[in-house]
Amino acid sequence: MENCIKTYLNSNIISTITDELRHKKSKILLNSAAASSFSLLIATESIKTKNNLNLIITESKEEAAYMTNDLEEWLQDNKEDYHTKKVLFYPALSYGTNTNESDNIALRLQVLNRLEKQENVLIISYLEAIAGKVAKKETLTNKKIRIQKGERLDVDSLIENLDSYGFECVDFVVRSGEYALRGGIIDIFSYSEQMPCRIELNGDDIESLRSFDVATQLSLKEKEYLFIVPSLEEEKEDYSSSFFDYLNENTIIWTKNLPVSIEKIQEKDNIHVVSNNLLSKEEILEAIADYTVIETGISYFERNAKKIEYSTESQTSFNQNFSLFVSKLEDLTLQGYNNNILVRDEKQKERIKNILNEYGQKGKIIQVKYLDFPISSGFIDNENKLSFFTDHQLFDRYNRYRILDNSNKREQLTVDDLIKLKPGDFVTHMDYGVGKFSGLEKLVNNGKEQEAIRLIYKNNDILYVSIHSLHKISRYTSSEGSEPTLNRLGSKTWQALKDKTKKKVKDIAKDLIKLYAQRKASSGFAFSEDSYMQNELEASFIYEDTPDQYKATKDVKKDMEQTYPMDRLICADVGFGKTEVAIRAAFKAVADSKQVAVLVPTTILAFQHYKTFSERLKNMPCKVDYLNRFRSAKEKSQILKELKEGKIDILIGTHIIANKNTEFKDLGLLIIDEEQKFGVSVKEKIKQMKINIDTLTLTATPIPRTLQFSLMGARDLSIINTPPLNRQPINTQLVYSLNEQIIQSAIVEELNRGGQVFFVHNRVQSLGNMEAFLHKLVPKARIGVGHGQMDGKELEQVMMDFINEEYDILLSTTIVENGLDIPNANTIIINDAQNYGLSDLHQLRGRVGRSNKKAFCYLIKPGEHL
């Protein structure tokens, strides 16, 4: 990295740019600054001219995020502390009612705070964010409160200020804009900080200032001072300044395709509630023109700009044609280029080395270095004879971006669950059994005030639990809708129940060990180690494996290579990547000339899996087909014939696969999706199929609600708990009537951002009335209707049309519960939610949130159990 930056510091292109920057308000047009070469130039120039503030304006939030990550890598600026970071991300506010903006407000204020202090940093943003008006500089200065270690603190005055600034008083601080007061300790989460701060008082003197973790509430780092900055969202009448008012005269503005960005922001004006909160097109261009501007791509200032040629080209799209890639490296080596492959994952590095060995021509030399840092897009610099190839582009994989925020620190159980508990909720205490949560209460213990959890037991007995014993309390879970019996304090009932349960668990364990031993003793087919094609398939996955997904894949393949039959259960929430693990296992079986059966509970899921498997395996020597009730008799007959002859490698289907007339030539692997959804008779047929056959079962059933997975038979278990990176949580809202305004707003908001909507109405006879109702609310929306009583071909066509975005809304029964995987559909509205069990709702809700967009679930008329 240092050598790379050193090369550019001494390059002609940087010298030429630096010379031009000596002229105030100069305009420069960089021709052919392709891919991440633009970020490398920005990073190098920021080192060369240290006294300049750099503002980089991209076309979109996604591009800004990738640019942020690139600059963090080039400048090795991966710190989490926003007080010392050089590379800062400045997001937009959406002003939407459904979006929690606290993280975005914090990121914006952290940038404005650094600018107000006249610091020379690199700010990456996009016009939608830059166009939003902000509070005046003096407002930010006047509202700021400085707290210094060792000074005296007027607590009453501080609390008064916090309340007036819109801070919320809570029991435990977990997000920006909250504070908590506990005796001589004050916790505050300022909008200008990445972590909340704990103020410890000795009388009125500030004895210590420490940042702390929102999840564990434990202190992390000593601080000398703290700046408390409000959100300023309450000061909208003061939003008369532009972002540009915070910049100094030495600012360099870097832009890419500026005219395109201007057009985009004009199109997006309608999503902002208050139009005068945005700068006009003319105001933006006038403000940018007042600074030094370096453009690339489509230029706005081209007429007056100094044009600088920069001979770079984007990384070729090899489309996994590795022969072409190796040939390119050989040519570049021959021409004296310094070739670099950017790959952080060791396994990927080994795959690339194998490819170079496999495809390299004898007598031809390839010189290449492996660098363990990622950039968003590779490029070839012809001027400096440097090439950078990224592994994700080479294998056509999705490259995630990372934006620093606090949300991942809020996902842990203890404090977060405590906050969500409401008086009356049932809880289980490890030592005392089932009680009712009754809130938090302050108690005096040995002269000190402490916070305790108040639990109510049978006969209204009360138990106080210290917040330091949170680990002994968990939310009560049971079968749906049933209310537990409260335990009585001092009774032996709870201990007897625990002892009885322990005995039952031991009995189950004995049976499982016996079953497991029998399975180990039986012989199965030992699959070969991974072939070259297996590595190629896994490398071609467009997303980066999560740690759990990687481990599950490894465990499955290890099981398949054993001499006894595999029986593994993979448990993962909807959209967490269990299907990809199944595809890899299936291909491993096919590579050893074995056939694979994929058994699914619904016709739609069979078709969706067929599409998914076919797409992933399209470049592999593998034939995939499917069977369900929608196939014609002639099609079924042909499929069964080819299956018996061994011409079909992977067959996906419903319970038809388990019928006696379905004969495989050489079945080696059985994959069962959602086994709990099959009836008893089908399960008996499955047991017959599983004899001496490797079996992989997939489920989204929440774990560890029951021991269901163990009671089905002795199994190895893999749990995929890690959601795909950048996956947004699903925002679930309860709506207590068929509220036209809320439903209309939800649909319009989703369609305005280019998305699609699921509307679930589980009564076939009244689907027509519901369609008319939706047409009245959203007249221009294209609505498709689907249910299980339709002709198979017709239903399949409706589903395909929705997948192909020919419908905006899919109005259907619960036939969509399993199978439809549509990343563009991120809002689901479920009518009459009181008629569904929690597991059904969990499945339906899982239809959305399968992309990086924020997802919404509206439960209309929920029952008491929700």
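Residues numbered from 1 in each chain as written. Predicted model: local features only at pLDDT ≥ 70, side-chain atom pairs only at ≥ 80, totals over all residues. Heavy atoms only, no water.

(A) Up close: the overall build of the protein chain. Looking only at helices and strands, one finds 26 helices and 38 strands in the protein chain. Looking at the 866 residues of the protein chain, the share that counts as buried comes to 52%. Intrachain contacts of the protein chain at a sequence separation of at least 6 include 75% that bridge at least 24 residues. In the form shown here, the protein chain has an accessible surface area of approximately 39800 Å², with 47% of it arising from carbon and sulfur atoms. (Helix = DSSP H or I, 4+ residues; strand = E, 2+ residues; numbered from the N terminus. Buried < 20%, exposed > 50% of the residue type's maximum accessible area, 1.4 Å probe, protein only. Contact = heavy atoms within 4.5 Å. Areas by Shrake-Rupley, 256 points an atom, 1.4 Å probe, with all protein chains shown as cover.)

(B) Region of interest: the nonpolar core. In this structure, Ile-147, Ile-199, Phe-243 and Phe-244 are the most contacted members of the largest nonpolar core, which totals 100 residues. When residues in this core are grouped by element, the largest group, 7 residues, is from helix α5 (residues 102–116). Those residues in contact with Ile-147 that sit more than four places away from it in its chain are Leu-153, Leu-158, Ile-199, Ile-206, Leu-209, Glu-224, Tyr-225, Leu-226 and Ile-228. Counting 37 residues, the second largest nonpolar core, distinct from the first, contains Val-556, Ile-570, Phe-576 and Phe-613. (Core = buried A, V, L, I, M, F, W, Y, C linked by side-chain atoms within 4.5 Å.)

(C) Main features of helix α10 (residues 281–289). Listing the buried residues of α10 in full gives Ile-284, Leu-285, Ala-287 and Ile-288. Seen from one end, α10 has its buried residues packed into an arc of 160°, which puts them on one side. In α10, the exposed positions that point more than 90 degrees away from the buried face belong to Glu-282 and Glu-286. (Arc of directions from axis to C-beta.)

(D) Fine view of the sheet that holds strand β18 (residues 369–371). Read from one edge to the other, the open sheet built from 5 strands follows the order β16-β19-β20-β17-β18, with strand pairing classed as mixed. Of all strands in the sheet, those bounded by a partner on one side alone are β16 (312–314) and β18. Within this sheet the neighbouring strands show an average axis-to-axis angle of 20°, counted without direction. Across 3 bridges, strand β19 (residues 379–381) lies against strand β20 (residues 386–390) in antiparallel orientation. Each residue of the ladder has a partner; that of Asp-381, found in β20, is Leu-386. (Pairing = 2+ DSSP bridges. Axes fitted to C-alpha atoms, helices over the stretch in contact; angles between N-to-C directions.)

(E) Summary view of the sheet that holds strand β13 (residues 252–256). Taken in spatial order, the 7 strands make up an open sheet running β3-β4-β2-β13-β14-β1-β15, and their pairing is parallel. Pairing within the sheet leaves two strands with one partner each, and these edge strands are β3 (87–89) and β15 (306–309). Taken over all neighbouring pairs, the strand axes of this sheet differ in orientation by 20° on average, direction set aside. Relative to strand β14 (residues 292–296), strand β1 (residues 27–31) is paired through 4 bridges, and the arrangement is parallel. Directly across from Ile-28, in β14, lies its bridge partner Ile-294.

(F) Region of the structure containing the packing of aromatic side chains. Under the criterion given, the structure shown has 18 aromatic pairs. Aromatic side chains Phe-426 and Tyr-476 sit 6.5 Å apart centroid to centroid with 65° between the ring planes, which places their arrangement in the edge-to-face category. On the criterion of sequence distance, the pair formed by Phe-426 in strand β21 (residues 426–429) and Tyr-476 in the loop between β25 (473–475) and α15 (493–521) is long-range, its members being 50 residues apart. Given a relative accessible area of 26%, Tyr-476 falls into the partly exposed group. Taking 5.6 Å as the distance between ring centres and 65° as the angle between the ring planes, the aromatic pair formed by Phe-607 and Tyr-626 counts as edge-to-face. Taken together, the residues Phe-607 in helix α19 (residues 603–616) and Tyr-626 in strand β28 (residues 624–627) connect sequence positions 19 residues apart. The residues Phe-607 and Tyr-626 share a single accessibility class, namely buried. Through a chain of ring-to-ring contacts, the aromatic side chains of Trp-74, Phe-373, Phe-379 and Phe-388 assemble into a single cluster. Directly above the ring of Phe-301 sits Lys-27, whose terminal nitrogen or CZ lies 5.6 Å from the centroid. Positioned over the ring face of Tyr-626 is Arg-631, at 4.3 Å from the centre of the ring. (Phe/Tyr/Trp six-rings, centres within 6.5 Å; stacked < 30°, edge-to-face > 60°. Lys NZ or Arg CZ within 6 Å of the ring centre and 35° of its normal.)

(G) How the structure looks around the environment of Val-173. Relative to the elements of secondary structure, Val-173 occurs in the loop between β6 (168–169) and β7 (178–182). Accessibility expressed as a relative area gives 0% for Val-173, which makes it buried. Residues Val-173 and Ile-186, 13 residues apart in the sequence, show an inter-C-alpha distance of 10.0 Å. Beyond its immediate sequence surroundings of up to four residues, Val-173 is in contact with Glu-178, Tyr-179, Ala-180, Asp-187, Phe-189, Pro-196, Phe-212, Val-214 and Gln-217.

(H) Quick peek at the packing of helix α1 (residues 2–9) against helix α3 (residues 37–48). Running from N to C, α1 and α3 cross one another at 75°; their axes reach a closest spacing of 10 Å. Between α1 and α3, the angle is such that the two are roughly perpendicular. The segment α1 lies against α3, with Cys-4, Ile-5, Tyr-8 and Leu-9 engaging Leu-40, Leu-41, Thr-44, Ile-47 and Lys-48. A breakdown of the residues in the contact of α1 with α3 according to their chemical character gives 7 nonpolar, 1 polar and 1 charged. (Parallel < 35°, antiparallel > 145°, perpendicular 65-115°, else oblique. Nonpolar A, V, L, I, M, F, W, Y, C, P; charged D, E, K, R; others polar.)

(I) Structural context of α3. The end-to-end C-alpha separation of α3 is 16 Å, in line with the 16 Å expected for 12 residues at 1.5 Å each. Counted residue by residue, α3 has 10 buried out of 12 residues, so it is predominantly covered. (Expected span 1.5 Å × (residues − 1).)

(J) Summary view of unusual backbone geometry. At Lys-25, a residue that is not glycine, the phi angle is positive and equals roughly 55°. One can find Lys-25 in the loop between α2 (12–20) and β1. We classify Lys-25 as partly exposed; its relative accessible area is 46%. Of note in the backbone geometry, Glu-805 takes a positive phi value of approximately 65° without being a glycine. Assignment of secondary structure puts Glu-805 in the loop between α25 (792–803) and β36 (809–812).

(K) A negative patch on the surface, seen in detail. There is a patch of like negative charges on the surface, built from Asp-154, Asp-156, Glu-160 and Asp-163. In this fold, Asp-163 is placed in helix α8 (residues 155–164). A relative accessible area of 43% places Asp-163 in the partly exposed class. (Patch = residues over 30% accessible without salt bridge, like charges linked within 9 Å, V, L, I, M, F, W, Y side chains within 5 Å. Salt bridge = Lys/Arg side-chain N within 4 Å of Asp/Glu carboxyl O. Lys, Arg positive; Asp, Glu negative; His and termini not counted. Charge placed at Lys NZ, Arg CZ, Asp CG, Glu CD.)

Note that every value here comes from positions in space, so none of it alone points to a role or purpose.
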